[in-house]
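# Descriptive structure summary
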Amino acid sequence: MVTSSLVVVICLALIFDYTNGFHDAANSIATIVSTKVLTPFQAVLWAATFNFIVFFFIKEHKVANTVSKIVVEHFVTIPVLLAGLIAAISWNLITWWFGIPSSSSHTLIGGFAGAGITNALYMGSSALSAVNMGYILKIIAYIVVAPFMGLIIAYFVTIIVLHLSKNSRPSTAEKWFKRMQLVSSAALSFAHGGNDAQKVMGIIYVALIAARVIPSGSHMPNWIPLACYSAIALGTLSGGWKIVKTMGSRITKITPLEGVSAETAGAITLFFTERFGIPVSTTHTITGSIIGVGLTKRLSAVRWGVTINLVWAWIITIPISGLIAGGVFALLRVIH
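Please read all numbers here as calculations on a predicted model, not as lab measurements.

## Focus on the nonpolar core
- Grouped together as the largest cluster of nonpolar side chains are 58 residues, with contacts concentrated most on Ile70, Leu81, Leu85, Phe112 and Met201.
- At the level of secondary structure, the elements contributing two or more residues to this core comprise helix H1 (4–34), helix H3 (62–68), helix H4 (78–97), helix H5 (104–122), helix H6 (133–164), helix H7 (170–210), helix H8 (223–238) and helix H12 (304–335).
- Counting residues per element, this core draws most heavily on H7, at 12 residues.
- For Leu85, the contacting residues outside a window of four places in its chain are Val9, Leu12, Ala13, Phe16, Leu108 and Ile203.

## Here's the deal with the confidence of the model for the protein
- Taken as a whole, the protein shows an average pLDDT of 87; of its residues, 89% reach a score of 70 or greater.
- Ranking the helices and strands of the protein by mean pLDDT puts H3 first, with 95, and helix H9 (residues 241–250) last, with 54.

## Observations regarding the pattern of salt bridges
- Under the counting rule described, the total for this entry stands at 1 salt bridge.
- Among the salt bridges present, the one from Lys199 reaches Asp196, with a minimum N-O distance of 3.1 Å. Note that Lys199 and Asp196 are positioned in helix H7 at a spacing of 3 residues, about one turn of the helix.
- Under the relative-accessibility criterion, Lys199 is labelled buried at 1%.
- A relative accessible area of 0% places Asp196 in the buried class.

## Regarding the environment of Ile160
- Mapped onto the secondary structure, Ile160 falls in helix H6.
- Taking the relative accessible area as the measure of exposure, Ile160 reaches 49% and is therefore partly exposed.
- In sequence terms Ile160 and Ser261 are 101 residues apart; their C-alpha atoms lie 9.7 Å from each other.

## Section: the layout of surface pockets
- Taken as a whole, the largest pocket holds about 270 Å³ of empty space.
- Gly110, Ala113, Ile117, Ile136 and Ile318 are the residues nearest the centre of the largest pocket, which is lined by 19 residues in total.
- Those elements that place two or more of their residues in the lining of the largest pocket are H5, H6 and H12.
- Tallying contributions element by element places H12 first for the lining of the largest pocket, with 6 residues.

## Here we look at the environment of Leu323
- As for its position among the elements, Leu323 is in helix H12.
- Through-space distance from the C-alpha of Leu323 to that of Gly114 is 6.2 Å; in sequence the pair is 209 residues apart.

## Brief notes about helix H10 (residues 256–275)
- The end-to-end C-alpha distance of H10, which contains 20 residues, comes to 28 Å, matching closely the 28 Å that a straight helix rising 1.5 Å per residue would cover.
- Within H10, 15 of the 20 residues are buried, leaving the element largely enclosed by the surrounding structure.
- Within two residues after H10, Gly277 carries a phi angle of roughly 70°, on the positive side.

## Side note on the packing of H10 against helix H11 (residues 282–295)
- One can describe the packing of H10 onto H11 by two numbers: an axis separation of 8 Å at closest approach and a directional angle of 140°. When the axis of H10 is compared with that of H11, the two are oblique. Where H10 crosses over H11, the handedness of that crossing is right-handed. The segment H10 lies against H11, with Glu258, Ser261, Ala262, Glu263, Ala265, Gly266, Thr269 and Leu270 engaging Thr282, Thr285, Ile286, Ser289, Ile290 and Val293.

Reading the values: the criteria
- Residues numbered from 1 in each chain as written.
- Predicted model: local features only at pLDDT ≥ 70, side-chain atom pairs only at ≥ 80, totals over all residues.
- Heavy atoms only, no water.
- Core = buried A, V, L, I, M, F, W, Y, C linked by side-chain atoms within 4.5 Å.
- Buried < 20%, exposed > 50% of the residue type's maximum accessible area, 1.4 Å probe, protein only.
- Helix = DSSP H or I, 4+ residues; strand = E, 2+ residues; numbered from the N terminus.
- Contact = heavy atoms within 4.5 Å.
- pLDDT = per-residue confidence, 0-100.
- Salt bridge = Lys/Arg side-chain N within 4 Å of Asp/Glu carboxyl O.
- 1 Å grid on protein atoms, 1.4 Å probe; cavity = no way out; pocket = protein on both sides within 12 Å on 5 of 7 lines; lining within 4 Å.
- Points joined across faces, edges and corners; volume = space filled by probe spheres on them.
- Expected span 1.5 Å × (residues − 1).
- Axes fitted to C-alpha atoms, helices over the stretch in contact; angles between N-to-C directions.
- Parallel < 35°, antiparallel > 145°, perpendicular 65-115°, else oblique.
- Left-handed = near helix turned anticlockwise from the far one by under 90°.

See the structure below:
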């Protein structure tokens, strides 16, 4: 049945999707802004448009299905979902405020898993019985695999493009690269929407099952994808300028050619992982792609100190989100 708690969960899920949009806007627009192909406003409008139109193309929501199964259904309750979302939104806002490009995807997954584990412990079950370890291990593995894929693809795309354009006049080549960057940025924004919005779809879907609005295993109502793609697109329109600066200039200097390579590599990686239902981090993926571009010049072209700080943010996101969610779940039990 539809209750006020369910409505709150759905609203919080869409708020998280919105924060995901402005938190991760930098992933798809940082390079195109830093190369001055588009102004910041033009860039967020461009990215938001492609975040939304995914709705008309992707009908199999494999990433959403994976997220919905992270916590064993027996331990999924409305308070678990509330705690997970509150933790995820909190960590997203903290990292956005300090300009840390952490993963919105992993903070949501960590929050959901942490609240589910805490619920299992209250019910007298073991922590590991609350989560589907196959899904968790796959997600953890792709913390490494996704940025490495982006790095390798970006490296070889850059080498190939440099080889193909070696006989072109520099001014002509740059003009074409700037045009191509519009396409690569659009592809990355499309892939970002297709991957990240689905994670929230999974949360809303299991909320409807937990509230017994729809039966387990039923088809996802069409309003869920529409709402989620709309929310992430509106979030992207809000921007995320602190993270744009980190992603677009502090890791390595980006030219239009390199922007095309990084965005193309990021988009290919996200399309691949979405196809197999793996909820990866867009932040991790584009960071790996930017590093791959930098490596085509020399090792020292990458600011490894900044990169190491980013990796630490990636490592702590899931456990911290899980701990916050566990604390919020315990507080909700005391209140009720």
